[in-house]
Amino acid sequence: MRVRVVVTGLGCISPLGNDVPTTWKNILAGQSGAGPVTHFDASDFKCQIAAEVKDFDPCDYFDRKEARRMDRFTQFALVAALQAVKDSGLEINDQNSQRIGAVIGTGIGGLGTLQEQIGVFDKHGPNRVSPFMIPMMLPDTAGGTIAIHLGIRGSNMAVVTACASGTNAIGEATEVIRRGKADVMLAGGTEAAIVPVAMAGMGVMTALTIRNDEPKRASRPFDKDRDGFLMGEGAAVLVLESLQHAQRRGAQPLAEVLGYGSTNDAYHISAPAENGSGAAACMRMALDDAELDVKGIDYINAHGTSTPLNDKSETAAIRTVFGEAAYDIPVSSTKSMTGHLLGAAGALEALFGTKALLENILPPTINYETPDPDCDLDYVPNQARPKELERVMSNSFGFGGHNATIILGKPQEQASA
């Protein structure tokens, strides 16, 4: 019998709050985390707005010397991980540390450090570059730093699948536990890419919104007038463990990871397949893994980026998989409020899926004003909605054609071998 994997702890840093309660409260209230870019002077950029993390001082969590040796994406991940472990009540010691690991996804890693140090190189030459540049920018540094701080010595890796990274991290961590290679895994994603070179690159691709005069209305997934995504930043980490391990230590499961799917479009380096074929295959794989049919899903947290192509193709994929049942399943995009956290997006949205299950409420899609004929599902427009939930699906799709889907369910009492 397959090992069952449950969620026992949650942590996050987001544009809507620097902990889970604040973030979730603002999600249910339909608040937007968007505003003018403050990290740098964006006046010459096509997109001058973003969903930044606010009031985050790393020295509130670490000493100044330690904080300066971590890129912002690592700082976010570590704080979210510490929150999640505290929430789970997990005690880490020499007896169990070898059986606890981490999979932390990121799309870009320490790009802020890289840009800064290239500036130092250009101005002062090679010998003035920081000796910490390489470890600060590497995508796997977030997971490694979490391991050092918590003393966890099990399997530890980074997943880099663009905007699917956070969901893939949760799925792959689940598989590590299912294989019996760990009892507990910290899984999630982190990103801090609101930096000039990233904003410039996304801008010239025409991927970003240019609704600069009304930032809080800029991210509008599935709305006919959407014009691109809003960059976000932050991190989310979930504590996953085998059901047996959770029961042995008396932990209360918050949700169960029922299914996981991962595919590739093999179509284009940045655009999704217009018919959503790869995304559809991914959702089917997750349903098969969970041993569910199309009537087994009560809510879908969509990738829903607010770009013309993504929202159309994801809607097509949902219709392909669920048929007429698609019109009975509420679908919402929390990116309308958080912006797009890139490699952290899927992890934060899995956290929202867990909270939705716990409280039987659907997060809204805000800024939904003008229906699009190509996007004709129930997008939970503008207000949260009570609904009895048993199972939720969360989708993430990324540049390179990467697709990832997880299915979460309310935990059941019976144990599994």
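Small disclaimer: the values here were computed from a predicted structure and weren't measured.

What counts and what doesn't
- Residues numbered from 1 in each chain as written.
- Predicted model: local features only at pLDDT ≥ 70, side-chain atom pairs only at ≥ 80, totals over all residues.
- Heavy atoms only, no water.
- Helix = DSSP H or I, 4+ residues; strand = E, 2+ residues; numbered from the N terminus.
- Rg over C-alpha atoms; globule rule 2.2 N^0.38 Å.
- Buried < 20%, exposed > 50% of the residue type's maximum accessible area, 1.4 Å probe, protein only.
- Lys, Arg positive; Asp, Glu negative; His and termini not counted.
- Charge placed at Lys NZ, Arg CZ, Asp CG, Glu CD.
- Core = buried A, V, L, I, M, F, W, Y, C linked by side-chain atoms within 4.5 Å.
- Contact = heavy atoms within 4.5 Å.
- Pairing = 2+ DSSP bridges.
- Phe/Tyr/Trp six-rings, centres within 6.5 Å; stacked < 30°, edge-to-face > 60°.
- Axes fitted to C-alpha atoms, helices over the stretch in contact; angles between N-to-C directions.
- Parallel < 35°, antiparallel > 145°, perpendicular 65-115°, else oblique.
- Nonpolar A, V, L, I, M, F, W, Y, C, P; charged D, E, K, R; others polar.
- Salt bridge = Lys/Arg side-chain N within 4 Å of Asp/Glu carboxyl O.

## Quick word on the overall build of the protein chain
Then, in step 1: When helices and strands are counted, the protein chain shows 13 helices and 14 strands.
Then, in step 2: Scaling as 2.2 N^0.38, a compact globule of 417 residues should have a C-alpha radius of gyration of about 22 Å, and the protein chain matches this with 20 Å.
Then, in step 3: Dimensions of the protein chain, computed from C-alpha atoms along their principal axes, come out at roughly 60 × 55 × 40 Å.
Then, in step 4: Out of the 417 residues belonging to the protein chain, those deemed buried represent 61%.
Then, in step 5: Separation of charge centres in the protein chain, based on 36 positive and 49 negative side chains, amounts to 3 Å.

## Comments concerning the nonpolar core
Then, in step 1: Among the nonpolar cores identified, the biggest contains 45 residues, and Ile 170, Leu 238, Leu 240 and Leu 351 are the most heavily contacted of them.
Then, in step 2: In terms of residue count, the dominant contributor to this core is helix H13 (residues 345-359) (eight residues).
Then, in step 3: With sequence-adjacent residues up to four places away left out, Leu 351 is seen in contact with Leu 10, Gly 11, Cys 12, Val 20, Ala 236 and Leu 238.
Then, in step 4: Of all hydrophobic cores here, the second largest spans 30 residues; its members include Val 53, Met 70, Phe 73 and Ala 80.

## Focus on the pairing of strand S13 (residues 391-398)
Then, in step 1: With seven of eight residues buried, S13 lies mostly within the body of the structure.
Then, in step 2: Relative to strand S14 (residues 402-409), S13 runs antiparallel, the two being bridged by eight bridges. The partner of Ser 394 across the bridge, within S14, is Ile 406.
Then, in step 3: Connecting S13 to the next strand, S14, in antiparallel fashion are three residues, including Gly 400 with a positive phi near 90 degrees.

## Re the packing of aromatic side chains
Then, in step 1: All chains considered together, the criterion is met by seven aromatic pairs.
Then, in step 2: Centre to centre, the rings of Phe 56 and Tyr 61 are 5.5 Å apart; their planes meet at 20 degrees, and the pair counts as stacked.
Then, in step 3: Look at Phe 56 and Phe 76: their rings are 5.0 Å apart centre to centre, the planes differ by 70 degrees, and that puts the pair in the edge-to-face class. Residue Phe 56 is found in the loop between strand S3 (49-50) and helix H2 (64-68), and its partner Phe 76 is found in helix H3 (residues 72-88); the two are separated by 20 residues along the sequence. Of the two residues, Phe 56 and Phe 76, both sit in the buried class.
Then, in step 4: Aromatic rings pair up to connect Phe 56, Tyr 61, Phe 62 and Phe 76 into one cluster.

## With respect to the packing of helix H7 (residues 165-178) against H13
Then, in step 1: Here H7 crosses H13 at 65 degrees, and the two axes come no closer than 5 Å. Classified by the interaxial angle, the pair formed by H7 and H13 is roughly perpendicular. Counted together, Gly 166, Thr 167 and Ile 170 of H7 and Gly 346, Ala 347 and Ala 350 of H13 form the full contact between these two elements.
Then, in step 2: Of the residues in the contact of H7 with H13, the class split is three nonpolar, three polar and no charged.

## Remarks on the packing of helix H1 (residues 20-28) against H13
Then, in step 1: Close contact between H1 and H13 brings their axes to 11 Å; oriented N to C, the two are set at 75 degrees. Relative to H13, H1 is oriented roughly perpendicular. Residues Val 20, Thr 23, Trp 24, Ile 27 and Leu 28 of H1 form the contact with H13, whose own contacting residues are Leu 351, Phe 352, Lys 355, Ala 356 and Glu 359.
Then, in step 2: Split by residue class, the contact of H1 with H13 holds seven nonpolar, one polar and two charged.

## Examining the pattern of salt bridges
Then, in step 1: In total, this model carries 19 salt bridges according to the counting rule given.
Then, in step 2: Between Arg 226 and Asp 311 there is a salt bridge whose closest N-O contact spans 3.4 Å. Residue Arg 226 is located in the loop between helix H8 (196-204) and strand S7 (234-242), and its partner Asp 311 is located in helix H11 (residues 308-322); the two are separated by 85 residues in the primary sequence. This pair shows no difference in class: Arg 226 is buried, exactly as Asp 311 is.
Then, in step 3: A network of salt bridges, in which partner residues are shared, links Arg 211, Glu 214, Arg 217, Arg 220, Asp 223 and Glu 369.

Honestly, it's all geometry; don't read function into it.
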